[in-house]
Structures are given as C-alpha cells and as structure tokens.
Amino acid sequence: MVSATSPSDNSSSARLAPRRDLELSSELSPVGDGRRVALLTLGCARNEVDSEELAARLHADGWQVTTDGEGADVVVVNTCGFVEKAKQDSIQTLLAAADTGAKVVAAGCMAERYGRELAESLPEAQAVLSFDDYPDIAARLDAVVAGEALDAHTPRDRRELLPLTPVKRRAAAVSLPGHGSPARAAVETDAHTPAHLRQVLRRRLDTGPVASLKLASGCDRRCAFCAIPAFRGAFVSRTPDELLAEAEWLAKTGVRELVLVSENSTSYGKDLGDPRALEKLLPQLAAIDGIVRVRASYLQPAETRPGLVEAIATTPGVAPYFDLSFQHSSEPVLRRMRRFGSTDRFLDLLATARELAPAAGARSNFIVGFPGETRADVEELVRFLTAARLDAIGVFDYSDEDGTEAAGLSGKVSAATVKRRYDKLSALADELCSQRAEERLGSTVEVLVDSVSDGVVEGRAAHQAPEVDGSTTLVAPDGGGVDLAALRPGDLVRATVTGTEGVDLLAVPDEMISAAPGAAR
C-alpha cells in the first residue's frame, strides 16, 4: 500500500537532491531557453543506468538535462519501490520536488509497481509513468508541460509479458529500462558490427571515474520476500556486443571502473544460450583501453559456478570481489525464503574464492525476523557471520511486502523480537567488519581515487564497492612515495594500509599504477 501522508521521519530524501552529490560536467549545464528537466535518482545503481538512458532520450529531443531541480520545468523522480523505507524516501522526494513549483513526474520502480494507486494518493505529481512510457519519455514530458492529463497505468505482473522460455525473450516487444537502442542509427549495425561503431543510448549524469554497466534486467527467481520480479519482469540479458560498445563509450567519457549490475548477475547469458557468458565477458571488459577495474555485483550463491569464481578471482583487471546474496544461513529459514544453501556451503564458497585470491573482498546482506525464524536460526546466522570474515554486512529487519509469498506466511515474528534481533546482528556486523578491516593492516591495496577535496584524497580498494563498502583515505607518506597533491580522480595507486576507522582504511600511496588520462600533473 502506498501512503503519501505519513512518510518516515528519518527519510534520507526529504530534501530535493539526487541520491548522492553530483559534480555536473559542462555538457550537462543548461544553455539557451529550451525546456529544462531535472532527473533525480533514488535507489540502486540499476536505477542510475535507467536515468542515464532517459537523459539520452530527452537530450535527443531537445530537452536540457540536469540533476539540479532549481529552475527546472519538470522534475522526474526515478523512484525506488523495494522496501517500505525506500518507498517513503521516494514520496518525500516527490513532495519536495513539488514544493519547487516545477511540474513533477514519478517514474521508476515505485511508479511501475503502484501506477494508478500512486497517482491517486499523490496529486502533487502531474504524471506517474510506467516503464512502457520510457521509449516516448520526451513526448510524455511535452504533454506534462502543455498541461495535458496523463492516465496512470494499472500495474500488472511484468513477468507475464515475456515468454517462459528465456531464449525466446529477446524477440518480445517489451520495454526494458537500460536496454534501449537509438531510434535512428547513423550506422547500420548487425551482429558482426565492431563495438566501437555501435551507438549507445546513454548520457552520463556525473563525471566521476566509476559507472555502472547493466548486464540484464529482471529476475526468474521466486524468493518469498521479494517483489522485484513482479514489477521488473523476467530475466533478459543484454548481448555482449551491446555491453562492450557501452563500456568503450563509458571509457571515452573518463570512466575507469565498471560496476556490473543486474537483479541477478550470475544468470547472465542463460537466455543467450551461454551460461558461461559472464566468465567470457569479464576479460573483454577489463581489456578496454582506459578501464583499470571491472567489478561484478549481485551474485546468487546457488548460481555461482566454479568457473565464475575463478574468473573473478584471477582475471587481471577484475576486482577479486564477491557480492554474494546470502540473505541468511540457516537452512530452514533459507528454504522458507525459497532459497538454497547453508552455513557450511556458504563458507565453502568463500574458502574457494580465497584459495584463489587470499585478499578477496566479500560482502552480503541478511534479513532477520523472517516468518518462522527461531532463536536457533539466529544463532546459526551468528555462527556463519563470525566465521565468514566478510568485509561488509548489511542487516535488514523483515517486514511484509505487498504481493510477496512471505506476507501470507504463518509464524510471524513479533515486532519487538525482530527489533531485538536486528539490533543484535547489526552490532555484531559492525564489530566483525571492523575486525576484518584491521586484518588488512600492513597489506598492499590498489586504490582508485574517487575524489580530491580540500586536500583529502579518498578512493576505494578492490574490496570496496562504491557507496556501500567503505572507502580508503590516502595519507601523506613520511618520505618518497606518491605526492598526494598530484593525485586526481581516476588515478589508480598502490598503497600500504596503515590504519582503520570501522570499515574504512587509511593508506599511504607507494606508487602510481595508472594515471587518469588528460589530467594536468
């Protein structure tokens, strides 16, 4: 159920701002007197890719695109609809956008998931758009500016729009955000066209050295707690040539690290007839001129094959980093979640990765308080977390989600018990991740510089994904090494870890591995 009248008090999006501060390039600065649209993105990295596709479509039709709502004719909020707090954050951002006097449009996951219901409960939004509106986004915004009323869609299960057989899905005429292709191509292409000649439907909304690359959309899994497949649809991979073309284009815009995202990256290629497609793609992406690091994310443990583990752990230019969706480790809870695995199986998977890359990074998320969870289940999860030596741990307290199987399960855990377990596991997670960071003291890490501000140089080691896993602050060496004042975003340096602050590291840069191109030294 959607409510626009009782947003959470601790909403992180109550002000009109994108999910993170963005330094806009001059390319995005508005010029002339044309229509101006602000794109604000909430939620995950997949939404960021979708917003950049929308930006490309709008720019091609004459719209000035920015991420600053000040002075915009229209503010498009790419919403998140995953859990209750994310939905309330989206509502807060929509309301804040309306306060600017701009016309407000809701897009993204929450808009797709609730459609007409959201439109009726949030009259401040002039339109609520479906994913099906994305190919004609400019026309939709033109209509909004002209004062036309757009009927919101009635939500439907998007899995039903695609064939059951994965290999037949690419032929279906269904809108897949992040999979767009230009309506008019300057160069006719086919399966044999080199990547550098293919057009890319994407316009960057920031100038940082890291960008996400969407492998696929949708999910075929039926996890009992998750509503995403119903509004994102069935799993559809993008072809390797599409991905390589976009990756080369991103590299030319200054991107140095590619983060591969999807709802389930380990399924990549199954609908292309090649379950080993990701293993083959990783070295190709890492070989692109200008790219110094490729990072895979959203891995399902049950689908993480030995060949993929080896590819991630040993391929030069690929971060030995395992973002594994464990969710729990007690077998009874996992079965009720409609998932597979156990404490010992998960520990074996981590051990296999560390045999190949002893310093490999690993992170995961966990749900506590799932229906039927017992104290013994919680203790089993504690056993796993204590032994797993994860670099980053996300703990979420269970809550019912509309349309999920779990919402109808018996054995609900009381709210007080859920909170008590959440507090216990969160405190344990903080302690364990701090201990894991301390294990890296004295080790050598490769740090990609993300930002340089007021003399503070911040970046990330291979085990640290953007925004979620902590960071590494580079500190001045006693003598020799790398001059901090000369470092720029996009530089890749080798450094020695000298201190920790929770999950964050302090490190002294020893040598430059690869300087960002074009930066004055």
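Before any of the text, the structure's been laid out above.
Attention here is on the structure that accompanies the text. (Residues numbered from 1 in each chain as written. Predicted model: local features only at pLDDT ≥ 70, side-chain atom pairs only at ≥ 80, totals over all residues. Heavy atoms only, no water.)

### Quick look at the nonpolar core
- Grouped together as the largest cluster of nonpolar side chains are 68 residues, with contacts concentrated most on Leu 282, Leu 285, Phe 322, Phe 384, Leu 385, Leu 390 and Leu 425.
- In this structure, Leu 285 is in contact with Leu 213, Leu 243, Leu 244, Ala 247, Leu 258, Leu 260, Ile 291 and Val 294, ignoring residues within four places of it in sequence.
- Among the nonpolar cores identified, the runner-up in size contains 24 residues, and Leu 58, Trp 63, Tyr 134 and Phe 231 belong to it. (Core = buried A, V, L, I, M, F, W, Y, C linked by side-chain atoms within 4.5 Å. Buried < 20%, exposed > 50% of the residue type's maximum accessible area, 1.4 Å probe, protein only. Contact = heavy atoms within 4.5 Å.)

### Quick notes on helix α12 (residues 375-388)
- Its 14 residues place the ends of α12 20 Å apart at the C-alpha level, agreeing with the 20 Å of an ideal helix rising 1.5 Å per residue.
- Those residues of α12 not exposed but buried are Asp 377, Val 378, Leu 381, Val 382, Phe 384, Leu 385 and Ala 388. Along the axis of α12, the buried positions cluster into a sector of 165°, meaning they face one direction only. When the buried face of α12 is taken as reference, the exposed residues oriented beyond 90 degrees from it are Arg 375 and Ala 376.
- For α12, the elements touching its buried residues are α10 (331-336), α11 (343-356), β12 (361-368), β13 (392-397) and α13 (415-439).
- Just beyond α12, the residue with positive phi is Arg 389, at close to 55°. (Helix = DSSP H or I, 4+ residues; strand = E, 2+ residues; numbered from the N terminus. Expected span 1.5 Å × (residues − 1). Arc of directions from axis to C-beta.)

### Looking at the pairing of strand β3 (residues 74-79)
- Judged by how many residues are buried, β3 sits mostly within the fold: six of six residues are covered.
- With burial as the criterion, each face of β3 is covered, one bearing Val 74, Val 76 and Asn 78 and the other bearing Val 75, Val 77 and Thr 79.
- Bridge count for strand β1 (residues 36-41) against β3 is five bridges, and the pairing is parallel. Among the inter-strand pairings, Leu 40 is bridged to a residue of β3, identified as Val 77.
- Sheet topology places β3 next to strand β4 (residues 103-107); five bridges connect them, and they run parallel. (Pairing = 2+ DSSP bridges.)

### Some thoughts on the state of the cysteines
- The tally for this structure, following the rule as stated, stands at zero disulfides.
- No disulfide involves Cys 223; its sulfur sits 6.2 Å from the nearest other cysteine sulfur, which is in Cys 226.
- According to the relative accessible area criterion, Cys 223 is buried, its value standing at 12%.
- Residue class for Cys 226 comes out partly exposed when judged on its relative accessible area of 23%. (Disulfide = S-S within 2.5 Å.)

### Side note on the side chain of Ser 364
- Note on placement: Ser 364 falls in strand β12.
- With a relative accessible area of 1%, Ser 364 lands in the buried category.
- For Ser 364, the side chain forms a polar contact with the main-chain oxygen of Leu 324, separated by 2.4 Å.
- Among all residues touching Ser 364, those that are not within four sequence positions of it are Leu 324, Ser 325, Phe 326, Gln 327, Leu 390, Ala 392, Ile 393 and Gly 394. (Polar contact = N/O pair within 3.5 Å; in protein donor to acceptor, adjacent residues only side chain to side chain.)

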